[in-house]
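# Chain and residue survey
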Amino acid sequence: MASDTNSLRYKVYFSFHKGEDTIRYSFVSHLSASLRRKGLIPSASLFVDNCSNGTRTEKHNFKAFVVVLSEKYVLSSECLDELAEIVDRQRDNQNVVVPVFYSITQSEVMHKSRLDILRDTFPLESNSAERVTRWIGALKKTVESYKPR
């Protein structure tokens, strides 16, 4: 059992929008390589995924989540669903969520997470009010957790 706990300690999951190849092939690959070089994560425990690839990855084995927030990410229902799931896991399991802002600022994310903006972007016929409220809460919690150094 102790070995299970140790093996989970460094599991890292990257969440980002799939339509942005520059994020996947330059930014995320450079960030993950830097984390490996610094010894923060072994290469075997890194999982790079995008939130809108149509598949669902079980996240219970991951202890850290790097969420790359971008313009497309905060306007994607698939990404927002994934973010809400990640934030729920953080609340339940003491996981670490690290927001990274890519070509978008904290204030822009907060502005886009306003209820009126999300209602215009996602008509409520296809997205329940509870779902949109969950997205807003997840975005706010993620953005507020960011502490610049």
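In this report, we go over the structure that sits alongside the text. (Residues numbered from 1 in each chain as written. Predicted model: local features only at pLDDT ≥ 70, side-chain atom pairs only at ≥ 80, totals over all residues. Heavy atoms only, no water.)

### A closer look at the side chain of Thr-142
Convention followed: By the criteria applied, helices consist of DSSP H or I runs no shorter than four residues and strands consist of E runs no shorter than two, each listed in order from the N terminus. Exposure classes here rest on a 1.4 Å probe applied to the protein chains alone. A residue is buried below 20% of its type maximum, exposed above 50%, and partly exposed in between.
Position of Thr-142 among the secondary structure elements: in helix H6 (residues 129-145). Exposure remark for Thr-142: the relative accessible area of 2% places this residue in the buried category.

### A short note on the pattern of salt bridges
Filter applied, for reference: In what follows, salt bridge is the name for a side-chain nitrogen of Lys or Arg lying within 4 Å of a carboxyl oxygen of Asp or Glu.
Within the structure shown, the criterion is met by two salt bridges. For Asp-81, the salt bridge goes to Arg-131, with nearest N and O atoms at 2.4 Å. Within this pair, whereas Asp-81 is found in helix H3 (residues 77-93), its partner Arg-131 is found in helix H6, the two being separated by 50 residues in sequence. Overall, the relative accessible area of 27% leaves Arg-131 in the partly exposed class. Asp-88 is the salt-bridge partner of Arg-134, the closest N and O atoms lying 2.6 Å from each other. Within this pair, whereas Arg-134 is found in helix H6, its partner Asp-88 is found in helix H3, the two being separated by 46 residues in sequence. The exposure class assigned to Asp-88 is partly exposed, which follows from its relative accessible area of 25%.

### Considering H6
An α-helix turns once every 3.6 residues. As a result, residues three or four positions apart point the same way. The condition is simple: To estimate how far a helix should extend, the number of its residues minus one is multiplied by 1.5 Å. Directions drawn from the helix axis to the C-beta atoms are what define this arc.
For H6, which comprises 17 residues, the first-to-last C-alpha distance of 24 Å matches the rise-based estimate of 24 Å (1.5 Å per residue) to within 8%. Taken residue by residue, H6 has Val-132, Trp-135, Ile-136, Ala-138, Leu-139, Thr-142 and Val-143 as its buried positions. Across the axial projection of H6, the buried residues extend over an arc of 165°, all falling on one side. Across from the buried face of H6, at angles greater than 90 degrees, the exposed residues are Glu-130 and Glu-144.

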